[in-house]
Amino acid sequence: IQTAPIAITGDPVLYQKAAPVIAFDVALHNLTQTLMATMLQARGVGIAAPQIGVSQRLFIVASRPNERYPDAPLMEPMVMVNPVLLSGSSEWELGEEGCLSVPGKRLSIARHLWIDAQWQDLQGNTHSGRLHGFVARIFQHELDHLDGITLIERIT
Ligand SMILES: O=C(O)C[C@@H](Cc1ccccc1)[C@H](O)SCc1ccccc1
Ligand SMILES: [Zn+2]
């Protein structure tokens, strides 16, 4: 399966508002496979379509225990199409974040402790649920990518 180059700071695609996905077709499946392979190769715990140059509202959340978040859950990667943050906890939590598009940076970012999210799967079915902790953090980080926001914009 093909991987794709990851766009890094300065690439305009990272600063655009991504377009909603409307076609739940084979092209979407192929894009998702490329996105997944690229994330795995880069040892990421998430990745958004704009990071491989595709300005579409699609990302993957794939939490796993790691040195910064040893108690992060090991989860089946979740493909989230047209994700929406419905609401977030009033409590925020500071946490270290990295970004595949901002190489070598580790920045402390405040995120909602939990969020209520809605998204579609690859078949176009709508799901919703409450995400907590590191998984909620990754969702919020990836959603920023769909809105043209990277870690650098988040701290300024
Ligand atoms: O650039 C990305 O979207 C991948 C991010 C996802 C992430 C967001 C917030 C907090 C942690 C990760 C990752 O930097 S991929 C690298 C990584 C892996 C494990 C833990 C932290 C960072
Ligand atoms: Zn990122």
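Residues numbered from 1 in each chain as written. Chains lettered and ligands numbered in written order. Predicted model: local features only at pLDDT ≥ 70, side-chain atom pairs only at ≥ 80, totals over all residues. Heavy atoms only, no water.

## What to know about the confidence of the model for the protein chain
Phase 1 of the analysis: Confidence in the prediction of the protein chain, expressed as mean pLDDT, is 96, and 99% of residues score 70 or more.
Phase 2 of the analysis: The ipTM assigned to the predicted complex is 0.95, against a pTM of 0.97. (pLDDT = per-residue confidence, 0-100.)

## Some thoughts on the coordination of the zinc ion (ligand 2)
Phase 1 of the analysis: Around the zinc ion (ligand 2), the protein contributes the donor atoms Cys99 (SG), His141 (NE2) and His145 (NE2), which lie 2.0 to 2.2 Å from the metal centre.
Phase 2 of the analysis: Of note, the donors binding the zinc ion (ligand 2) are all from one chain and are spaced C-x41-H-x3-H. In this pair, Cys99 sits in the loop between β4 (92–97) and β5 (107–112) while His141 sits in helix α2 (residues 133–146), placing the two residues 42 residues apart along the sequence.
Phase 3 of the analysis: A relative accessible area of 9% places Cys99 in the buried class. (Donors = N, O, S within 2.8 Å, 3.2 Å for Na, K, Ca; no water. Helix = DSSP H or I, 4+ residues; strand = E, 2+ residues; numbered from the N terminus. Buried < 20%, exposed > 50% of the residue type's maximum accessible area, 1.4 Å probe, protein only.)

## Here's the deal with the packing of aromatic side chains
Phase 1 of the analysis: Taken as a whole and assessed by the stated rule, the structure comprises two aromatic pairs.
Phase 2 of the analysis: A ring pair is formed by Phe59 and Phe139, whose centres lie 5.2 Å apart and whose planes are at 85 degrees; its orientation type is edge-to-face. Here Phe59 is found in strand β2 (residues 58–61), whereas its partner Phe139 is found in helix α2, with 80 residues between them in sequence.
Phase 3 of the analysis: Among the residues examined, Phe59 registers a relative accessible area of 0% and is labelled buried.
Phase 4 of the analysis: Judged by relative accessible area, Phe139 falls into the buried class, the value being 0%.
Phase 5 of the analysis: Centre to centre, the rings of Tyr69 and Phe134 are 4.2 Å apart; their planes meet at 25 degrees, and the pair counts as stacked. With Tyr69 in the loop between β2 and β3 (78–88) and Phe134 in helix α2, the pair connects residues that are 65 residues apart, well separated along the chain. Grouping residues by exposure puts Tyr69 and Phe134 together as buried.
Phase 6 of the analysis: Over the ring of Trp114 we find Arg130; its NZ or CZ atom is 3.6 Å from the centre of that ring. (Phe/Tyr/Trp six-rings, centres within 6.5 Å; stacked < 30°, edge-to-face > 60°. Lys NZ or Arg CZ within 6 Å of the ring centre and 35° of its normal.)

## Description of the sheet that holds strand β1 (residues 46–48)
Phase 1 of the analysis: Taking strand neighbours across the sheet as the criterion, the five strands line up as β1-β2-β3-β6-β7 in an open arrangement whose pairing is antiparallel. In this open sheet, the two strands that pair with only one neighbour each are β1 and β7 (126–132). Taking each pair of neighbouring strands and ignoring which way they run, the sheet shows an average axis angle of 40 degrees.
Phase 2 of the analysis: As paired elements, β2 and β3 share four bridges and run antiparallel to each other. Opposite Val61, over in β3, you have Met78 as the bridge partner.
Phase 3 of the analysis: Relative to β2, helix α1 (residues 26–41) is tilted by about 40 degrees, and along the sheet it contacts β1, β2 and β3.
Phase 4 of the analysis: The strands that α2 touches are β1, β2, β3, β6 (114–120) and β7; relative to β2, the one it contacts most, it runs at about 160 degrees. (Pairing = 2+ DSSP bridges. Axes fitted to C-alpha atoms, helices over the stretch in contact; angles between N-to-C directions. Contact = heavy atoms within 4.5 Å.)

## Considering the pairing of β6
Phase 1 of the analysis: For β6, the tally of buried residues reaches five of seven residues, placing the bulk of the element in the interior.
Phase 2 of the analysis: Where β3 and β6 come together, five bridges link them in antiparallel fashion. Counted as the bridge partner of Gly88 is Ile115 from β6.
Phase 3 of the analysis: Bridge count between β6 and β7: seven bridges; the pairing is antiparallel. Its bridge partner lying in β7, Gln120 is registered against Thr126.
Phase 4 of the analysis: If you look at the hairpin formed by β6 and β7, you'll find five residues sitting between the two strands, and Gly124 has a positive phi there, around 90 degrees.

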